[in-house]
Amino acid sequence: MEHDKNNRTFLDRLHIFDVVMKRRSMTEAAISLNMTPSRVSMAMKKLRELYSDPLFIRKKNVLEPTEFARILHREIQHNLQKSNITNELQIIDSDQNQLLISCSPHIATNVIPLAFQLIQELPLISMKHIDLPMSRKDHTKLLIDNAVDIIFDYTPVDHPDIFFRRLFKEEYCIVCYNNHPRLSHSISLKEYTQETHAVLETPSSHERKSDYSQHIHNEDKIIGFCSHYYLDLLAVVEVSDMICTLPQNIYLKLRASFNVKSLNYNFNLGFKKPSLYMSYLKELKKSKYKSILLKKMEKMR
């Protein structure tokens, strides 16, 4: 049998399978591995799908392995003795020293620097950013499969084994070209509705239904340009008479790179400002350093 030896998730599942084989119980395996039972169950489900074999048959209160499961387990044990998998399983353990964060690019611009500052205070922790998938179901799968540690999004991940916390509300500003012919320091509601807008169009079908997206695509608004990236919006705004509404933290980080300015306004933008949430697997708090980091990150503002 050939497997991707560099696949962290696959090796993690093999490790779980090995413990289930020895314990003959998913509950006891979960206790031994310091994992939630649902994560062990999910790992076995994925291996069943991969190998098209039930792997275990329940007899009374004990899980009896199938013949294929016994063959698979012998192969794992053989490779462990040859140290072909041992090193990879050690890499899985060493991943406790790497923080995997998944979020949209514009959210990453804000939270990654904050998270990085916190990481500097802890030994042996590095960080990696992974783009957030479009499908909400994939968000849950990422965490349950231990493919990422934390997801930052405007909607929390809802699952019994996943904890989420609201961090803060996004503040928005209205931006235009520095030498805009009609707008100097402020903008009125009437001017806001009359100007042409550059707007963010998210690829996520879920986010398209958000209050902000409904506001963006309001029929009363004149839309001149759409993009999935705020960088594109600012690039267009600085060479045109268009205006755009974007998170204030994005503007503060990028204003030095574009010939744009923020306009004062005293009217309601017409949408509910989204709150940013962080979601992570509950068992992540059992990790020595990551539990410390989580407590710090939950206070991010």
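Reading guide: rules and limits
Residues numbered from 1 in each chain as written. Predicted model: local features only at pLDDT ≥ 70, side-chain atom pairs only at ≥ 80, totals over all residues. Heavy atoms only, no water. UniProt positions renumbered as here; feature names shortened; annotations may be inferred. Axes fitted to C-alpha atoms, helices over the stretch in contact; angles between N-to-C directions. Helix = DSSP H or I, 4+ residues; strand = E, 2+ residues; numbered from the N terminus. Left-handed = near helix turned anticlockwise from the far one by under 90°. Contact = heavy atoms within 4.5 Å. Nonpolar A, V, L, I, M, F, W, Y, C, P; charged D, E, K, R; others polar. Patch = residues over 30% accessible without salt bridge, like charges linked within 9 Å, V, L, I, M, F, W, Y side chains within 5 Å. Areas by Shrake-Rupley, 256 points an atom, 1.4 Å probe, with all protein chains shown as cover. Salt bridge = Lys/Arg side-chain N within 4 Å of Asp/Glu carboxyl O. Lys, Arg positive; Asp, Glu negative; His and termini not counted. Charge placed at Lys NZ, Arg CZ, Asp CG, Glu CD. Pairing = 2+ DSSP bridges. Phe/Tyr/Trp six-rings, centres within 6.5 Å; stacked < 30°, edge-to-face > 60°.

- By the naming in an unreviewed UniProt entry, the protein is LysR family transcriptional regulator, taken from Ewingella americana.
- Check the Sequence similarities (unreviewed entry) section of the UniProt entry for the protein; it says "Belongs to the LysR transcriptional regulatory family."

## A look at the packing of helix H2 (residues 26-33) against helix H3 (residues 37-51)
Item 1. Between H2 and H3, the shortest axis-to-axis distance is 8 Å and the interhelical angle comes to 115 degrees. Handedness of the H2/H3 crossing: right-handed. Residues Met26, Ala29 and Ala30 of H2 form the contact with H3, whose own contacting residues are Pro37, Val40, Ser41, Met44 and Arg48.
Item 2. Residues that form the contact of H2 with H3 fall into these classes: six nonpolar, one polar and one charged.

## Section: a positive patch on the surface
Item 1. There is a patch of like positive charges on the surface, built from Arg166, Lys169, Lys272 and Arg301.
Item 2. Residue placement: Lys272 occurs in the loop between strand E11 (260-263) and strand E12 (275-281).

## Section: the sheet that holds strand E5 (residues 150-153)
Item 1. Ordered by their spatial adjacency, five strands build an open sheet running E4-E3-E5-E12-E6, and the pairing between neighbours is mixed. Edge strands, defined here as strands with exactly one partner in the open sheet, are strand E4 (126-131) and strand E6 (162-169). Shown here is a sheet whose adjacent strand axes are inclined to one another by a mean of 25 degrees, direction ignored.
Item 2. Bridging between strand E3 (residues 98-103) and E4 involves six bridges; their strand directions are parallel. Bridge pairing in E4 links Ser102 to Ile130.
Item 3. Docked against the sheet, helix H6 (residues 105-119) engages E3, E4, E5, E6 and E12, running at close to 170 degrees with respect to E4.

## Comments concerning the packing of aromatic side chains
Item 1. Enumeration over the complete set of coordinates arrives at seven aromatic pairs.
Item 2. Centroid distance Phe163 to Tyr280: 5.4 Å. Interplanar angle 45 degrees. Geometry classified as tilted. With Phe163 in strand E6 and Tyr280 in strand E12, this pair connects stretches of sequence that are 117 residues apart.
Item 3. Judged by centre distance (6.1 Å) and plane angle (75 degrees), the rings of Phe164 and Tyr277 are edge-to-face. A residue pair is termed long-range when its members are at least 10 positions apart, and Phe164 in strand E6 and Tyr277 in strand E12 qualify at 113 residues.
Item 4. Three or more aromatic residues joined by ring pairs form one cluster here, namely Tyr192, Tyr265 and Phe267.

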